[in-house]
Amino acid sequence: MLAPVVPQALYTMWGAQTAGIVMPINWMLEPSIIAQLLRAANAKVLVAYAGDVLVDTWPKVQAVAELVPDLQAVVVISEEGLAATSSNLPSQPRVIAYDDVIESFDGQGLTFSRAFAGPETAVYRVGKFVRRHRTGVGAGIAVAVLDAGLPVVMVERDAAAVALGRSRVEKVYDGHVAKGRLTAEGKAAVMARFSGATDYAAFKDVDLVIEAVFEDMAVKHAVFAELDRHCKPGAVLATNTSYLDIDAIAQATSRPQDVIGLHFFSPANVMKLLEIVVPAQVSADVVATAFALATRLKKVPVRAGVCDGFIGNRILAVYRTAADHLMEDGASPYEIDAMVRAFGFPMGPYEMSDLAGGDIGWATRKRRAATRDPKARYLHIADQLCERGWFGQKTGRGWYLYEAGSRSGQPDPEVEAIVAEARAKAGVTPRHFTPEEMQRRYVAAMVNEGAKVVEEGIALRPLDVDVTLVHGYGFPRWRGGPMKHADQVGLGQILADIQAFAQEDPQFWQPSALLVKLVAEGKTFDSLNKI
C-alpha cells in the first residue's frame with residue numbers, strides 16, 4: 001500500500017504484479033505538491049490525468065520530473081485523444097491513442113490494461129483510474145442537433161477521438177432504446193445522419209459550425225483560423241465558450257460578421273437554456289439564424305452581450321462570492337446549501353461545485369487572478385480543497401465526503417476545520433446567521449449583479465436575467481426569477497439591504513446605479529420589460 005500521507009482519491013494500487021508504484025495525480029495540483037506526494041509514496045510512475053485539458057499539463061509534469069529524480073516514467077492521459085511518456089525520462093518519447101489504453105468503462109471508472117512501459121520502468125499493468133463519466137459538451141450538442149432532425153459532422157483531432165465522440169452520442173440513444181423511448185430502427189435512422197472526420201475540410205459544405213473545445217483563447221484562435229480557411233462563405237461560425245471574449249475569438253477570422261456565441265448548458269441535449277452571445281461585428285442575419293436554430297432545437301434562447309461570463313456565469317460568480325463571504329464570516333457551507341435549497345434551488349452552491357467539479361472553478365479563478373482587484377476580498381478555502389485534490393464527486397471528496405458510488409455527500413469535519421483555520425488567519429470572529437439573513441445576502445448579490453448586467457446592456461431586459469437564471473441555474477420557477485422576486489420583495493428593501501451590507505464591505509456591495517434609479521423613481525424591474 002502507499003504511504004497514508006497520500007490522499008486516497010489520488011492513487012490506486014494494483015497488487016503484486018505491479019513492480020513499481022503507480023500514482024494517478026490530477027494535473028491541476030501544483031508541481032511542488034505533486035512532487036511531495038510522490039516522494040512520500042516512493043512512487044516510480046506518475047499517471048497525470050488531464051481530462052479535457054492537455055495544454056497546461058505537459059510543462060507541469062516535466063517540472064515534477066525535475067523535482068523527483070527517482071521517477072521512471074510519466075504518462076499523461078487526456079480525452080483529447082493523446083497520452084505520452086515524458087521525453088526527459090528513461091522512456092523514449094511516444095504518442096499513443098486514447099482508445100488504445102481504454103479497456104472498458106464499468107460505470108465507476110476507466111480500466112487501463114495496456115502495459116505503458118518496458119523494462120526501464122518496471123511497471124507491467126495499470127489498473128483502474130477512477131473518474132466519474134459524463135457525456136462531453138460536444139456530444140451533447142451533437143445529440144441536440146440530431147434530435148432536431150439535422151445532420152451532424154463531428155470533427156476531432158484523430159480517429160480515436162472521433163470514435164469516442166460517436167460512442168458518447170450512441171450511448172444517449174442506447175439509453176432511449178433501453179427505456180422504450182426509441183426503437184433500434186429509430187436509433188439507426190438518427191445515427192445515419194451522424195458522421196465523423198479528422199479534417200476541417202469535412203466542414204466545407206456545412207451551414208453552421210459549433211466549436212466546443214476547451215476554454216483556452218489560443219486554442220480557440222487556432223480552431224477558428226481553420227474554420228475560416230475551410231468553411232464556405234456565409235457559414236455561421238459559433239463558439240460554445242462559457243466565459244471568453246467572443247470579439248477576440250472573431251479576430252482570428254477574416255469574417256467576424258459570421259462569428260457568434262452559442263452557449264449551451266450541460267448536458268446540452270437536456271438543458272433548455274441557450275445564451276446567444278452577440279459580439280460587436282456580427283451581422284443581423286447571423287443573429288437571426290442563431291435564434292431560428294434555438295427554436296429548431298426547442299431551446300429557450302436569451303440574447304446576451306459580450307463580457308466575462310455573459311449573463312448567467314457572470315451573475316453566478318457574484319452570488320457564489322457572497323456565499324463564500326458568508327462562510328468566512330461564520331456560516332458553514334452546509335448551512336448555506338440548506339438555505340439555498342429551502343429557498344427553492346435544487347441544490348446549493350457547494351453541492352453544485354462538487355457535482356460540476358471543483359477544478360473547473362479553480363481554473364477560472366486562476367485565469368482571472370491577474371486581473372483581480374487587489375482590494376477585493378478573496379477567500380482561498382476552495383483553492384485549498386483543490387490543492388488537496390478534493391474536486392467533488394469525481395474524486396470522492398470535495399466540500400462533502402462521498403462513499404464509493406454515491407452521489408449523496410456527507411458533511412466533512414476536515415472541511416469545517418479548514419474553514420475555521422481560514423477564519424482565524426483572516427482575523428474573523430465567526431458569527432451566527434439565521435437562514436433569513438443568509439438568504440437576504442445571497443439574493444441581494446444576485447439581484448444587484450443582475451441589475452448591473454441590464455444597466456450595461458449585457459442583458460436587454462430584466463426578464464432576460466430571469467429566464468437565464470430559471471432555465472440555466474435552477475432558480476425556483478415559481479418565484480419568477482431573481483428580478484421578478486426583487487420586485488415582489490420590494491426594490492427599496494433590496495437596496496436597503498445592499499447599503500447595510502456595504503457598511504461591512506463597501507468594495508463588494510456597490511449598489512447598481514440602475515437599482516438606485518428605479519428606487520428613486522418608484523419603479524420596478526418589470527417596468528423595463530416593456531421594450
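Here's a quick rundown of the structure. These numbers were taken from a predicted model, which means no experiment stands behind them. Here, residues in each chain are numbered from 1, in the same order as that chain's written sequence. Totals for whole chains, interfaces and linings use every residue, but because this is a predicted model, local features are given only for residues with pLDDT of at least 70 and side-chain atom pairs only at 80 or more, for both listing and counting. Only hydrogens and water are set aside; all other atoms, that is, all heavy atoms of the structure, feed into the side-chain values.

**Some words on the packing of helix 16 (residues 435–455) against helix 19 (residues 491–501)**
- Note on method: axes are straight lines fitted to C-alpha atoms, helices fitted across the in-contact stretch only, with angles between N-to-C directions ranging 0 to 180 degrees. Each helix corresponds to a stretch of at least 4 residues labelled H or I by DSSP, and each strand to a stretch of at least 2 residues labelled E; elements are numbered beginning at the N terminus. Where helix 16 contacts helix 19, the axes come no closer than 10 Å and their chain directions differ by 105°. The angle between the axes of helix 16 and helix 19 places the two elements in the roughly perpendicular class. Packed against helix 16, whose contacting residues are Arg440, Arg441, Ala444, Val447 and Asn448, the element helix 19 presents Gln493, Ile494, Asp497, Ile498 and Phe501 at the interface.
- Lys, Arg, Asp and Glu make up the charged group, whereas Ala, Val, Leu, Ile, Met, Phe, Trp, Tyr, Cys and Pro make up the nonpolar group; the residues left over, Gly among them, are polar. Classifying every residue of the contact of helix 16 with helix 19 by side-chain character gives 5 nonpolar, 2 polar and 3 charged. Should an angle fall under 35 degrees it is taken as roughly parallel, and over 145 as roughly antiparallel, whereas 65 to 115 is taken as roughly perpendicular and any remaining angle as oblique. Contact definition: two residues touch when any of their heavy atoms are within 4.5 Å.

**Some remarks on unusual backbone geometry**
- Of note, the amide linkage connecting Ser266 to Pro267 takes the cis form, showing an omega dihedral of -5°.
- With respect to the secondary-structure elements, Pro267 resides in the loop between strand 13 (259–264) and strand 14 (273–277).
- Of note, the phi angle at Lys298 is positive, near 60°, even though the residue is not glycine.
- In this fold, Lys298 is placed in the loop between helix 9 (284–296) and strand 15 (300–304).
- The rule is simple: take the accessible area with a 1.4 Å probe, protein chains only, and divide by the maximum for that residue type; under 20% is buried, over 50% is exposed, in between is partly exposed. When its relative accessible area of 65% is taken as the criterion, Lys298 is described as exposed.

**With respect to the packing of aromatic side chains**
- Between 30 and 60 degrees the pair is tilted, below 30 it is stacked and above 60 it is edge-to-face, where a pair is any two Phe, Tyr or Trp rings, Trp via its six-membered ring, whose centres lie within 6.5 Å. The tally for this structure, following the rule as stated, stands at 12 aromatic pairs.
- The interplanar angle of 25° and the centroid separation of 6.2 Å between the aromatic rings of Phe343 and Phe345 together place this pair among those described as stacked. Just as Phe343 is buried, Phe345 falls in that class too.
- Arg397 extends its terminal NZ or CZ atom over the ring of Trp390, reaching a point 3.9 Å from the ring centre.
- In this structure, Arg479 is placed above the aromatic ring of Phe343, and the distance from its NZ or CZ to the ring centre is 3.9 Å. Comment: the charge-over-ring label is applied if NZ (Lys) or CZ (Arg) is within 6 Å of the ring centre and within 35 degrees of the ring normal.

**Brief notes about the pattern of salt bridges**
- For this document, the term salt bridge refers to a Lys or Arg side-chain nitrogen within 4 Å of an Asp or Glu carboxyl oxygen. Counting across every chain of the model gives 30 salt bridges.
- The salt bridge partner of Asp308 is Arg367, with a shortest N-O separation of 3.4 Å. Here Asp308 is found in the loop between strand 15 and helix 10 (312–329), whereas its partner Arg367 is found in helix 13 (residues 358–368), with 59 residues between them in sequence.
- Notably, a salt bridge pairs Glu521 with Lys517, separated by 3.1 Å at the nearest N-O pair. Of this pair, Glu521 and Lys517 both sit in helix 20 (residues 513–521), 4 residues apart, roughly one helical turn.
- We classify Lys517 as partly exposed; its relative accessible area is 45%.
- Connected through shared salt-bridge partners, Arg166, Glu170, Asp174 and Lys187 make up one network.

**Details of the sheet that holds strand 13**
- Spatial ordering of the open sheet is given by 11-12-13-14-15, a layout of 5 strands whose pairing is mixed. Looking at strand neighbours, the two that pair on one side only are strand 11 (208–211) and strand 15, the edges of this open sheet. Here the average twist between neighbouring strands, direction ignored, is 25°.
- As judged from the 4 bridges shared by strand 11 and strand 12 (residues 236–239), these two strands associate in the parallel manner. Within strand 12, the residue paired with Leu208 across the bridge is Val236. Any two strands with at least two DSSP-identified bridges between them are counted as paired.

**Comments concerning helix 7 (residues 217–230)**
- Take the number of residues in a helix, subtract one, and multiply by 1.5 Å to get its expected span. Helix length check: helix 7 (14 residues) gives 20 Å between terminal C-alpha atoms against 20 Å at 1.5 Å per residue, within 8%.
- For helix 7, the set of buried residues is Val219, Lys220, Val223, Phe224, Leu227 and Asp228.
- On the buried face of helix 7, the contacting elements are strand 11, strand 12, helix 8 (246–250) and strand 13.
- Regarding helix 7, its N-cap is Asp216, as a side-chain oxygen of that residue lies 3.1 Å from the backbone nitrogen of Ala218 further along. Between N or O atoms, a polar contact is any pair within 3.5 Å; within protein, one atom must be a potential hydrogen donor and the other a potential acceptor, and residues adjacent in sequence are included only when both atoms are from side chains.

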